[in-house]
Amino acid sequence: MARSVAAKKSVKPAKPPYVLDDQVGFILRQVWQRHSSIFSRDIGTNLTPTQWAALSKLAETGACSQNQLGRLTAMDVATIKGVIDRLTARGLTETSQDPEDGRRLLVSLTRAGQQLAEKLAPNALAITRETLAPLDAKERETLMALLNKLR
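Residues numbered from 1 in each chain as written. Predicted model: local features only at pLDDT ≥ 70, side-chain atom pairs only at ≥ 80, totals over all residues. Heavy atoms only, no water.

**Here's the deal with the overall build of the protein**
1) Next: Within the protein one finds 7 helices and 3 strands.
2) Next: Ordered by position from N to C terminus, the α and β elements of the protein give α-α-α-β-α-α-β-β-α-α.
3) Next: The C-alpha extent of the protein, read off along each of the three principal axes, is 85 × 35 × 30 Å.
4) Next: Here the protein holds 151 residues, and 26% of them are scored as buried.
5) Next: Of all intrachain contacts in the protein linking residues separated by at least 6 positions in sequence, the fraction that spans at least 24 positions is 51%.
6) Next: As presented, the protein carries roughly 10,700 Å² of accessible surface, and 57% of it is formed by carbon and sulfur atoms.
7) Next: Looking at the protein, you have 22 positive and 15 negative side-chain charges, and the mean spots of the two groups are 10 Å apart. (Helix = DSSP H or I, 4+ residues; strand = E, 2+ residues; numbered from the N terminus. Buried < 20%, exposed > 50% of the residue type's maximum accessible area, 1.4 Å probe, protein only. Contact = heavy atoms within 4.5 Å. Areas by Shrake-Rupley, 256 points an atom, 1.4 Å probe, with all protein chains shown as cover. Lys, Arg positive; Asp, Glu negative; His and termini not counted. Charge placed at Lys NZ, Arg CZ, Asp CG, Glu CD.)

And the structure:
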């Protein structure tokens, strides 16, 4: 009897058809969790990644509608509204009427928002460098090209 138990233990089970560790979504989520941890530790102020995305995009493009900002930052309508509401409450963004279309509001950075975006840009660049640090320069370039292709 001991021999048959030993024989059963030595049989390697067949690889299941779906292995979570081999799935792109799972790997991307783990990479995102690592990046989020680095971001939270190093951004230097109490901003979420979505708030930073809105601030940095407004610094890059200037005033735009909330809807356009949501598209530019890959946020749905409800998410971008909440982000802008929180940034406005902190005095970092403001809204004004669009001079070309009085029905539309434009979102822009306040002076404090612009200053914060400029101050935090080096931190954000360092966060990206640390996230990509395990890769050499060619691997970083390849990864970014491949990720952009998957958008």
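**Things to note about helix H2 (residues 24-42)**
1) Next: In a regular helix each residue adds 1.5 Å, so 19 residues correspond to 27 Å; H2 covers 27 Å between its end C-alpha atoms and thus fits that length.
2) Next: Within H2 the residues assigned to the buried category are Phe 26, His 35, Ser 36, Ile 38 and Phe 39.
3) Next: Contacts made by the buried residues of H2 are with helix H3 (49-61) and helix H6 (111-132).
4) Next: A positive phi of about 95° marks Gly 44, the residue just after H2. (Expected span 1.5 Å × (residues − 1).)

**A closer look at the packing of H2 against H6**
1) Next: For the pair H2 and H6, the least separation of the axes is 10 Å and the interaxial angle reads 145°. Note on packing geometry: the crossing formed by H2 with H6 is right-handed. Of H6, the residues touching H2 (which contributes Arg 34, His 35, Ile 38, Phe 39, Arg 41 and Asp 42) are Asn 123, Ile 127, Glu 130 and Thr 131. (Axes fitted to C-alpha atoms, helices over the stretch in contact; angles between N-to-C directions. Left-handed = near helix turned anticlockwise from the far one by under 90°.)

**Some thoughts on H3**
1) Next: In this model H3 runs 18 Å from its N-terminal to its C-terminal C-alpha over 13 residues, within 8% of the 18 Å that 1.5 Å per residue would give.
2) Next: Burial in H3 covers these residues: Gln 51, Trp 52, Ala 54, Leu 55, Lys 57 and Leu 58.
3) Next: Positive backbone phi, approximately 85°, marks Gly 62, located one or two places after H3.

**Overview of the pairing of strand E2 (residues 93-98)**
1) Next: Where E2 lies against strand E3 (residues 101-109), 6 bridges are found, and the strand directions are antiparallel. Bridge assignment links Ser 96 to a residue of E3, and that residue is Leu 106.
2) Next: Between E2 and the antiparallel strand that follows it, E3, lie 2 residues. (Pairing = 2+ DSSP bridges.)

**Considerations on unusual backbone geometry**
1) Next: Even without a glycine there, the phi angle at Ala 74 is positive, about 60°.
2) Next: By the element assignment, Ala 74 lies in the loop between helix H4 (66-72) and helix H5 (77-89).

**So, the sheet that holds strand E1 (residues 64-65)**
1) Next: Taken together, 3 strands build an open sheet; the order of strands is E1-E3-E2 and the sheet is antiparallel. The open sheet is flanked by E1 and E2, the only strands paired with a single partner.
2) Next: Across the face of the sheet, H3 comes into contact with E1, E2 and E3 while running at roughly 105° to E3.

**Observations regarding the nonpolar core**
1) Next: Within the largest apolar cluster, 23 residues are counted, with the highest numbers of intra-cluster contacts made by Leu 47, Trp 52, Ala 54, Leu 55, Leu 69, Ile 84 and Leu 87.
2) Next: Those elements giving two or more residues to this core turn out to be H2, H3, H5, E3 and H6.
3) Next: Sequence-distant contacts of Leu 87, that is, excluding residues within four places in its chain, are made with Leu 47, Gln 51, Ala 54, Leu 55, Leu 92 and Thr 93. (Core = buried A, V, L, I, M, F, W, Y, C linked by side-chain atoms within 4.5 Å.)

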